[in-house]
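Residue-level listing of the chains:
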Amino acid sequence: MTQNAIEIRRLTKTYRAGRGAPEKQALRGIDLDIPAGSIFGLLGPNGAGKSTMINIMAGLVTKTSGSVCIWGFDQDENPRQSRAAIGVMPQELNLDPFFTPRGALEVQAGLYGVPKSQRRSDEILEMVGLTDKAEAYARTLSGGMRRRLLLGKALVHHPRILVLDEPTAGVDIELRRMLWTNIRKLNAERGMTIILTTHYLEEAEEMCDEIAIIHHGALVARDSTANLLGQMDAKCMVIDPVDPPARLPVGAGLDVSTRPDGALVISYRASHTTAEDVLRAVHAAGIAIRDVKTQQADLEDVFLELTRSRA
Ligand code: ADP
Ligand code: MG
């Protein structure tokens, strides 16, 4: 059985004008399903609408129109159940400076109505590596510790879905690794669905099974990471021949076309064909090369292409 952790339909959000700022349409009709059990990446440049979308899922921002279903519960019809199914680690470090890590977890559990007998503050502190800071004031915690505490807070009510908004923006390598390890563990051992936003493409590549890319409040791509990587596998060589070729190069996996200026455009997949194979096919066709250029798509290029064409 495949089940969706999140189902979003025709979702829009327009922030009202205020304090000199004009009205802003942050989401322009998003349709998106996020499969249960996945590690799902929501990518997009700054201002794309990632946080808006996540905050709507979490019930922290009210949508303008559309519907959001969380673990089968419509947000409008079952606000409590839908809220209980999701935990959010926000982008901002919004911690009350007067709570200790343990106190912050207890208060959060109270807000979500978790009975004392079902609280697991010690376990969570252990998991995020804050056991020895359990009684320290939040204001004495380093940035990294605060971020770990925010992860802990997102987990107090045993949510099925964990949402992380730019979890590793501006954090050091050690903390990034720790967060990645924790996220993978929660996904593998508890089957928790993980949704993370990031503008680090390598993070999405490394962590996510599936990826959605949004830009200017619209969805511009939605595919498995493997398929997006497959797309990135596409390479292209542009050959400027000395003379107009009498015949075109042929070879398995080569897709050859001629440009109006006479250049040959040869597309191939790096996983199946090397640049040398391509050049060999060109020579075999008796073509002398004046100049050669390669164009290689990586996730960065795919991302830029997808987002630029909608600018
Ligand atoms: P991202 O997380 O992808 O960087 P956001 O969802 O934070 O994007 O923002 C999307 C757009 O909505 C941006 O243009 C941002 O300036 C605007 N925006 C975000 N929050 C507010 C708000 N509270 N009031 C007005 N505009 C906002
Ligand atoms: Mg954001």
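An account of the accompanying structure is given in this report. (Residues numbered from 1 in each chain as written. Chains lettered and ligands numbered in written order. Predicted model: local features only at pLDDT ≥ 70, side-chain atom pairs only at ≥ 80, totals over all residues. Heavy atoms only, no water.)

**Some remarks on the nonpolar core**
Test applied: The set of buried Ala, Val, Leu, Ile, Met, Phe, Trp, Tyr and Cys residues whose side-chain atoms join them within 4.5 Å is what this entry labels a nonpolar core. Burial classification: accessible surface area is computed with a 1.4 Å probe over protein chains only, and a residue below 20% of its type maximum counts as buried, one above 50% as exposed, and the rest as partly exposed. Note on contacts: a residue pair qualifies if any of its non-hydrogen atoms lie within 4.5 Å across the two residues.
Ranked by internal contacts, the top residues of the largest apolar core, which has 46 residues, are Leu151, Leu162, Leu164, Ile194 and Ile213. Those residues in contact with Ile194 that lie beyond four places of it in its chain are Ser38, Ile39, Phe40, Leu162, Leu164, Ile183, Leu186 and Asn187.

**A look at the site of ligand 1**
So the rule is basically this: To be near a molecule or strand, a residue needs just one of its heavy atoms within 4 Å of it. N or O atoms closer than or at 3.5 Å make up a polar contact, with two conditions inside protein: a donor-capable atom paired with an acceptor-capable one, and, for residues adjacent in sequence, both atoms drawn from side chains. With residues, only the protein chains shown are counted as cover, and all accessible areas are computed by Shrake-Rupley using a 1.4 Å probe. Numbered from the N terminus, helices here are DSSP runs of H or I no shorter than four residues, and strands are runs of E no shorter than two.
Tyr15, Lys24, Ala26, Pro45, Asn46, Gly47, Ala48, Gly49, Lys50, Ser51 and Thr52 make up every residue found near ligand 1. The separation between an oxygen atom of ligand 1 and a polar main-chain atom of Lys50 is 2.8 Å. The protein chains hide 62% of the 560 Å² of surface that ligand 1 would expose on its own. Counting residues per element, the ones that place at least two in the shell around ligand 1 are strand 2 (24–35) and helix 1 (50–57). The element that contributes the greatest number of residues to the shell around ligand 1 is helix 1, accounting for three residues.

**What to know about the coordination of the magnesium ion (ligand 2)**
The test is simple: Only nitrogen, oxygen and sulfur atoms qualify as donors, provided they sit within 2.8 Å of the metal or within 3.2 Å for Na, K and Ca; with water excluded from the atoms, sites may seem incomplete.
Every protein donor of the magnesium ion (ligand 2) is listed here as Ser51 (OG) and Gln91 (OE1), and their distances to the metal cover 2.0 to 2.4 Å. Residue Ser51 is located in helix 1, and its partner Gln91 is located in the loop between strand 6 (86–89) and helix 3 (101–111); the two are separated by 40 residues in the primary sequence. Note on Ser51: relative accessible area 22%, which makes it partly exposed. Judged by its relative accessible area of 31%, Gln91 falls in the partly exposed class.

**Quick notes on the pattern of salt bridges**
How we decide: Any carboxyl oxygen of Asp or Glu that lies within 4 Å of a side-chain nitrogen of Lys or Arg is treated as forming a salt bridge with it.
Tallying each qualifying case throughout the model produces 14 salt bridges. One salt bridge in this structure joins Arg222 and Glu210, with 2.6 Å as the shortest N-O distance. Linking Arg222 in strand 10 (residues 218–224) with Glu210 in strand 9 (residues 210–215), this pair joins segments that are twelve residues apart in sequence. Within this structure, Arg102, Asp122 and Glu135 form a network of salt bridges that share partners.

**With respect to helix 1**
In terms of burial, helix 1 is largely enclosed, as seven of its eight residues are buried. Those residues of helix 1 lying buried are Lys50, Thr52, Met53, Ile54, Asn55, Ile56 and Met57. Once helix 1 ends, the next one or two residues include Gly59, with phi positive near 80 degrees.

**Structural notes on the sheet that holds strand 4 (residues 65–70)**
Neighbouring strands of a sheet are bound in pairs by backbone hydrogen bonds; such pairs are parallel or else antiparallel. Operational definition: Strand pairing is assigned whenever DSSP identifies at least 2 bridges connecting the two strands. Every axis corresponds to a line fitted to the C-alpha atoms, with the helix fit spanning only the stretch in contact, and the corresponding angles, defined between N-to-C directions, vary from 0 to 180 degrees.
In space, the four strands of this open sheet follow the order 2-1-4-5, with antiparallel pairing throughout. Strands with a single pairing partner mark the edges of an open sheet, and in this sheet they are strand 2 and strand 5 (73–74). Contacts between helix 1 and the sheet are confined to strand 1 (4–15), strand 2 and strand 4, with strand 1 contributing the most and set at about 120 degrees to the helix.

**As for helix 9 (residues 275–284)**
Note the threshold: By definition, the arc is the one covered by directions from the helix axis to the C-beta atoms.
Buried within helix 9 we find Val278, Ala281 and Val282. One side of helix 9 carries all its buried residues, which in axial view fall inside an arc of 100 degrees. Seen from the buried face of helix 9, the exposed residues on the opposite side, beyond 90 degrees, are Glu276, His283 and Ala284. Backbone geometry just downstream of helix 9 places Gly286 in the positive-phi region, at approximately 75 degrees.

**Focus on the pairing of strand 10**
One ladder, built from six bridges, connects strand 9 with strand 10; its direction is antiparallel. Note on strand 10: the bridge partner recorded for Ile213 is Ala221.

**Overview of the sheet that holds strand 10**
Strand order across the open sheet formed by six strands is 6-7-8-3-9-10, with mixed pairing between neighbours. What marks the edges here is a single partner per strand, and that holds for strand 6 and strand 10. Between one strand and the next, the sheet's axes are offset by a mean angle of 15 degrees, whatever the strand orientation. Strands strand 6 and strand 7 (161–165) of the sheet are contacted by helix 5 (residues 143–155), whose axis makes an angle of about 170 degrees with strand 6.

**Here we look at the environment of Arg184**
Topologically, Arg184 is positioned in helix 6 (residues 173–190). In this structure Arg184 comes out as partly exposed when scored by relative accessible area, which is 34%. Between the alpha carbons of Arg184 and Ile39 there is a distance of 8.3 Å; along the sequence they are 145 residues apart. Apart from residues no more than four positions distant in its own chain, Arg184 is found in contact with Glu206 and Met207.

**A word on the packing of helix 3 against helix 5**
Defined as follows: With respect to orientation, any angle under 35 degrees is reported as roughly parallel, any angle over 145 as roughly antiparallel, any angle of 65 to 115 as roughly perpendicular, and every other angle as oblique. Each crossing is labelled by how the near helix is turned from the far one, with a counterclockwise turn of less than a right angle marking it left-handed and a clockwise turn marking it right-handed. Charged means Asp, Glu, Lys or Arg here, nonpolar means Ala, Val, Leu, Ile, Met, Phe, Trp, Tyr, Cys or Pro, and polar covers whatever is left, Gly included.
It is at 9 Å that the axes of helix 3 and helix 5 come closest, and there the two elements cross at 30 degrees. Between helix 3 and helix 5, the angle is such that the two are roughly parallel. Judged by the twist between their axes, the crossing of helix 3 over helix 5 is right-handed. Each of Pro101, Ala104, Leu105 and Gln108 in helix 3 lies in contact with helix 5, whose residues at this interface are Leu149, Gly152 and Lys153. By residue class, the composition of the contact of helix 3 with helix 5 is four nonpolar, two polar and one charged.

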